[in-house]
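Listed below are the residues making up each chain.
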Amino acid sequence: ATPMQSPDMAQAAKKLPKDVDSDDEDEADNAKDGNESGDADADADEDDDGATATAANSNDFGNAGLSPEMAAKAMHLQFQQRYYRDALYFVYQLQEAQPLLLQLLGSTSKSEVMEAMDFFVAAVRFRVDGAQEGIRRMSHLIWIPPTGGSSGGGSAEGGASEEARGVRAKLIDSYMQLYLTPSERLGAAQSTSLITRNLISLTFGATLAELTSLEELIRTLMEENRISQAVVNKLRSVYGYTHKTLPPAQRRGAIIILGMLAQARRSIVTDDIDLYLRIGLGEYGREDLALSKYTCMILQCLGASRSRRPGAVAASVDDQEVRRLPMNSPIFDGLQRIIEHPRRDPEWFPAAEQALNTIYALGDKPDALAVRLVRDQARLVQDLVRISKGDGGRTDNDDNDSDAMDVDEAASIGTGARKLVDPWDLSRLLFMVGHIAIKEIVLLESIEAELKRRRSDDSEPRRKKRASPKSKGTRGRGRGKGRAKEMPVDSDDEEDDELNQIAGSTEDEIGDIMSAIRERELLFGESKSLLALFGPLLVHVCKNLGKFNDRLLTVHATAALAKFMCISSTFCEQNLPLLLTLLQRAKSPIIRANISIALGDIAVCFNNLIGENVHYLYGPLHDADTKVKKTTLMVLTHLILNGMVKVKGQLGEMAKCLEDKDQRVADMARLFFSELSTKDNAVYNNLPDIISSLSMGAGAVNEESFGRIMKFLFEFIKEKDRQTENVVEKLCQRFRNTTDARQCRDIAYCMALLPFKSERSVRRLLDGLSSFQDKLAQDAVHKYFVEIVAKNRSQSAIKQEVKTLMDEFESKLKEARAKAIGEDEDDSEALAAGEGVASMQLQSAQQSDVDMGEEDEDEDL
């Protein structure tokens, strides 16, 4: 029987333990009542078969007085009831175990990961509730690198590589079994429909992270030719189905899967471009903007294919870069209609984002179309401003571009009338301007890379050709046949000279020209560049968020300002204080999270500006909103692990996240320190600063949290004796410089976490006894040092020299403890004696005051 789960069954399973116990008690009572006859029969013949024993002991089930047929039927029903109870209990146990098995998917033991994968595959086949979540989580295992290893040597590296390949192969086989294997009971067409339905169902309710992992998995399957062309054709037919009403989720799922397959095979797009233009960029796309978004994403595959896996290289001719399309292509007409679509739908923003990405990925002159889009939207906003002010003399046919982009008039939207323009239209305008600014940077970088590539490809052959004697002789001739041979050389030279005049003759000159365009032309161009007109508007809106009280407008205005700041260092330096103020004072958690991401981008673009204000990057780690905290932790993890930000004592703020209430934040912090420990002793070098941040000042954590954080961090330095010796020395120095009881306990606890395995580490501890002997009066401090001695003696494989030094330390520790306690008692006695003398003096003074008061009264009388 297949164990199925329903709400009624789940409710019965929760009551199961009580029912099972009562049933056992009834059975025990029945067995006791029929003990005499049952034992006699069992002793008489122990080899009776199960049916005979069951008939002889039918009274054990309380069926006395029934006919043999009815007794057998009642016994059968009772066994059936027990079977279903056991089945319910089994299903209940499976559901209880699933959260633990989900954690095992992230285990460092590959055998545990693979066994957890087997469980979820079997659970999905038996339709156990919640098992589908495990299949979704399994897709993240596709990112395990196919090669890897440890520092232990060549054999360990080979073993790790085999394990990684084993996990990836297991993941692919699991998805093949569940979703891509044709059924033997169905025909070819029905099997294709079933596989298509399975693939589409994987997209239902999937998060962005799950879709990203699924994309890599589907791309890998397509590269290995495990998905047939029939499935691709069926997906196209689902996407282009127009005869009857089709649920939007199915059409979206079809285009999502097609986009994933196109990452491995561009022909999926090129073979039927008209279908995508008719559906995704046509009427259906305008009705369902999410559909148009995914259609734009698949059209981007017409350009250079991309792979999210680091180090991926195009391996086939199909993956080579294609030429950009002319701007009169019908693709761009459809994209323009999507962007200019007036529908008020929150899905417009991601759809417009992907449409702009497609324009800049495929167009040979994308900035020309972008300018038209921005002008049209700006005219719409400005005309609404004029109408609201009662100015009817101006029309849409104004050809003056500077008037159409009048920043001062647009900036008065929040300062004049109550509502001069619809916030929705202004939000669309600012969103478009901000995203175009980012895409302009990407375009410049691609142009720079292309110029450098041409320079490197042409320089070496041309140098050899010019240096050859034949070319020298050819250049000397000016008539006859030699002139015909001379023409290609002159043509190439002319192209080379023209390229030199445009972009310079060296890579450094090309880079300088592109940097000058970014720095001085895009936002501060003398010819009033389009983006330069909107800078003051963005600053004005961000400075007056209270006046612009529309949530959508303020979110997109701050995001656009941050994107502008990634273009020019001058603009960034001017407005960085405003952005940092918004990070601290903005009420919207979305704005704070966006600014955290923006600061990470600015740190990459202009590291010198962020270096002076790096402490602002760590501030949102203590934000009240979990999403802001998580976003900031992700940004800092990326910056620190990639060396874009130098850590200067701020790792303590990251360490506090290890004790965060949200388990996801704590897990991310653990992953960060695990990765950081592999990079040049980073945890060891910053350990003193971490201890200070967690133990001192207003941001200190409680002692229980401090202990758990330190226990986790000290795991990364236990295996290195040299680091242990240096840490002991530094901690002893901290004892000398502090008199705070809390800090003394924390330092002593850190000392107890160290493994004193080498002779030099124990000697450092013995030499540093003088620095903390006066602190041994505290019971907690003394207890930690006693634990050091006990832990050292519990080690079996320890050298005799280490044991001798530890015995010496123990004896001196006892002496120091006795001396510290004695001095403390003497101090307390002296203090008590001093308080006694002061009390006697106070009493005598009070008595003298009383006597003087009596004398004064006599005199008054």
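The numbering scheme is per chain: residues are counted from 1 as the chain's sequence reads. In keeping with the model being predicted, local features are shown solely for residues with a pLDDT of at least 70 and side-chain atom pairs are shown and tallied solely at 80 or more, while totals for entire chains, interfaces and linings include all residues. Side-chain measures here rest on the full set of heavy atoms in the structure, leaving out hydrogens and waters.

1. A short note on the overall build of the chain
Now for step 1: Counting its secondary structure elements, the chain contains 43 helices and zero strands.
Now for step 2: The buried label applies to any residue whose accessible area, calculated with a 1.4 Å probe on protein chains only, is under 20% of its type's maximum; exposed applies above 50%, and partly exposed to all values in between. Classification of the 861 residues of the chain by burial places 43% in the buried group.
Now for step 3: Two residues qualify as a contact provided that any one of their heavy atoms is within 4.5 Å of a heavy atom in the partner residue. Look at the contacts in the chain between residues 6 or more apart in sequence, and 70% of them connect residues 24 or more apart. Secondary structure elements are taken from DSSP: a helix is a run of H or I of four residues or more, a strand is a run of E of two residues or more, and numbering for both begins at the N terminus.

2. Considerations on the nonpolar core
Now for step 1: Buried Ala, Val, Leu, Ile, Met, Phe, Trp, Tyr and Cys residues form a nonpolar core when they are joined through side-chain atoms within 4.5 Å. Formed by 215 residues in total, the largest nonpolar core has its most connected members in Phe534, Met654, Phe673, Met710, Phe785 and Phe809.
Now for step 2: No other element matches the 13 residues that helix α22 (residues 423-467) contributes to this core.

3. Concerning the packing of aromatic side chains
Now for step 1: Aromatic rings from Phe, Tyr and Trp, with only the six-membered ring used for Trp, were paired whenever their centres fell within 6.5 Å, and each pair was classed as stacked if the ring planes differed by under 30 degrees, edge-to-face if by over 60, and tilted otherwise. Under the defined criterion, the tally for this structure stands at 17 aromatic pairs.
Now for step 2: Each ring, one from phenylalanine 564 and one from phenylalanine 571, has its centre 6.2 Å from the other, and the planes form 55°; the classification is tilted.
Now for step 3: Accessibility expressed as a relative area gives 0% for phenylalanine 564, which makes it buried.
Now for step 4: Classification of phenylalanine 571 as buried rests on a relative accessible area of 7%.
Now for step 5: Ring centres of phenylalanine 712 and phenylalanine 716 lie 5.3 Å apart, and the angle between their planes is 85°; this geometry places the pair in the edge-to-face category.
Now for step 6: An aromatic cluster is present here, built from Trp348, Phe349, Trp424 and Phe431 joined pairwise through their rings.
Now for step 7: Sitting over the ring of tyrosine 284, arginine 251 keeps its end group 4.6 Å from the ring centre.
Now for step 8: A cation over a ring is seen here: arginine 670 above phenylalanine 712, with NZ or CZ 4.7 Å from the ring centre. Consider the ring centre and the ring normal. A charge sits over the ring if Lys NZ or Arg CZ is within 6 Å of that centre and within 35 degrees of that normal.

4. Topic: the packing of helix α12 (residues 248-262) against helix α16 (residues 289-299)
Each packed pair of helices is defined by two parameters, the angle between the axes and the distance between the axes.
Now for step 1: Between N-to-C directions, angles span 0 to 180 degrees; the directions come from axes that are lines fitted to C-alpha atoms, helices contributing only their stretch in contact. Two elements in contact, α12 and α16, have axes separated by 9 Å at closest approach and are oriented at 15°. On the basis of their axis angle, the class for α12 and α16 is roughly parallel. Classified by chirality, the crossing of α16 by α12 is left-handed. The segment α12 lies against α16, with Arg251, Arg252, Ile255, Ile256, Leu258, Gly259 and Ala262 engaging Ala290, Leu291, Tyr294, Thr295 and Ile298.
Now for step 2: Its residues assigned to classes, the contact of α12 with α16 comprises eight nonpolar, two polar and two charged. The labels follow the angle: roughly parallel below 35 degrees, roughly antiparallel above 145, roughly perpendicular from 65 to 115, and oblique for the rest. Crossing chirality is assigned from the near helix's rotation relative to the far helix, an anticlockwise turn below a right angle marking it left-handed and a clockwise turn marking it right-handed. In this count, Pro and Cys sit with the nonpolar residues alongside Ala, Val, Leu, Ile, Met, Phe, Trp and Tyr, while Asp, Glu, Lys and Arg are called charged and the others, Gly among them, polar.

5. Digging into helix α34 (residues 663-676)
Now for step 1: Between its terminal C-alpha atoms α34 stretches 20 Å, which fits the 20 Å expected from 14 residues at 1.5 Å a residue.
Now for step 2: Of all the residues in α34, the buried ones are Val665, Ala666, Met668, Ala669, Phe672, Phe673 and Leu676. Along α34, the residues classed as buried sweep out an arc of 160° about the axis, all on the same side. Exposed side chains of α34 directed beyond 90 degrees from the buried face belong to Gln663 and Leu671.
Now for step 3: The secondary structure elements touched by the buried residues of α34 are α32 (626-641), α33 (651-656), α35 (682-685), α36 (687-695) and α37 (703-713).
Now for step 4: Polar contacts, as counted here, are pairs of nitrogen or oxygen atoms within 3.5 Å of one another; within protein the pair requires one atom able to donate a hydrogen and one able to accept it, and residues that are adjacent in sequence qualify only if both atoms are side-chain atoms. The distance from a side-chain oxygen at the start of α34 to the backbone nitrogen of arginine 664 is 2.9 Å, and the residue carrying that oxygen is aspartate 662. Any helix carries an expected span of 1.5 Å times its number of residues minus one. Comment: arc refers to directions from the helix axis out to C-beta atoms.

6. A short note on the confidence of the model for the chain
Now for step 1: Each residue gets a pLDDT score, which is the predictor's confidence in that residue and runs from 0 to 100. Across the chain, the average pLDDT comes to 77, with 73% of residues at or above 70.
Now for step 2: The low-confidence segment residues 1-61 (pLDDT under 50) makes 36 contacts with residues lying over four places distant or belonging to another chain.

7. Notes on the environment of alanine 254
Now for step 1: With respect to the helices and strands, alanine 254 occurs in helix α12.
Now for step 2: Separated by 16 residues in sequence, alanine 254 and valine 238 place their C-alpha atoms 6.5 Å apart.

8. A closer look at the pattern of salt bridges
Now for step 1: Criterion for a salt bridge: a side-chain nitrogen of Lys or Arg within 4 Å of a carboxyl oxygen of Asp or Glu. Taken as a whole, this structure holds 30 salt bridges when the rule is applied.
Now for step 2: Aspartate 779 is the salt-bridge partner of arginine 817, the closest N and O atoms lying 2.8 Å from each other. In this pair, arginine 817 sits in helix α43 (residues 800-860) while aspartate 779 sits in helix α42 (residues 779-794), placing the two residues 38 residues apart along the sequence.
Now for step 3: Overall, aspartate 779 belongs to the exposed group, its relative accessible area being 56%.
Now for step 4: The network of salt bridges with shared partners includes Asp173, Glu224 and Arg226.

9. Side note on the side chain of threonine 295
Now for step 1: Secondary-structure assignment places threonine 295 in helix α16.
Now for step 2: Among the residues examined, threonine 295 registers a relative accessible area of 0% and is labelled buried.
Now for step 3: With sequence-adjacent residues up to four places away left out, threonine 295 is seen in contact with Tyr239, Ile255, Tyr276, Gly280 and Leu281.

10. Describing the packing of helix α26 (residues 530-543) against helix α27 (residues 551-565)
Now for step 1: It is the contact of α26 with α27, at a shortest axis distance of 9 Å, that shows an interaxial angle of 130°. In this view, α26 runs oblique relative to α27, as classed from their interaxial angle. With respect to the hand of their crossing, α26 and α27 are arranged in left-handed fashion. Facing α26, whose interface residues are Leu531, Phe534, Gly535, Leu538, Val539, Val541 and Cys542, α27 presents Ala557, Thr558, Ala560, Leu561 and Phe564.
Now for step 2: Of the residues that constitute the contact of α26 with α27, the class distribution is 10 nonpolar, two polar and no charged.

11. Remarks on the environment of leucine 302
Now for step 1: Residue position: leucine 302 is located in the loop between α16 and α17 (330-339).
Now for step 2: Along the backbone, leucine 302 and glutamine 263 are 39 residues apart, and their C-alpha atoms lie at a distance of 9.8 Å.

12. What about the side chain of arginine 236?
Now for step 1: Along the polypeptide, arginine 236 turns up in helix α11 (residues 229-239).
Now for step 2: For the buried residue arginine 236, which engages in no salt bridge, the nearest side chain bearing the opposite charge is aspartate 271, 4.1 Å off.
Now for step 3: With sequence-adjacent residues up to four places away left out, arginine 236 is seen in contact with Gln229, Leu258, Ser267, Ile268, Asp271, Leu275 and Tyr276. Working convention for charge: Lys and Arg count positive, Asp and Glu count negative, and His plus the chain ends are omitted.

13. Re unusual backbone geometry
Now for step 1: Residue arginine 127 is not a glycine yet carries a positive backbone phi of 60°.
Now for step 2: Within the element layout of this structure, arginine 127 appears in the loop between α6 (110-125) and α7 (131-138).
Now for step 3: Note on arginine 127: relative accessible area 59%, which makes it exposed.
Now for step 4: Unlike most non-glycine residues, asparagine 225 shows phi in positive territory, near 60°.
Now for step 5: Secondary-structure assignment places asparagine 225 in the loop between α10 (208-223) and α11.

14. Details of helix α29 (residues 589-605)
Side chains three or four residues apart in an α-helix point the same way, a direct result of the helix having 3.6 residues per turn.
Now for step 1: Taking 1.5 Å of rise per residue, 17 residues should cover 24 Å, and α29 covers 24 Å from first to last C-alpha, within 8% of that figure.
Now for step 2: Looking at the buried residues of α29, the elements they touch are α27, α28 (569-585), α30 (607-611), α31 (615-618) and α32.

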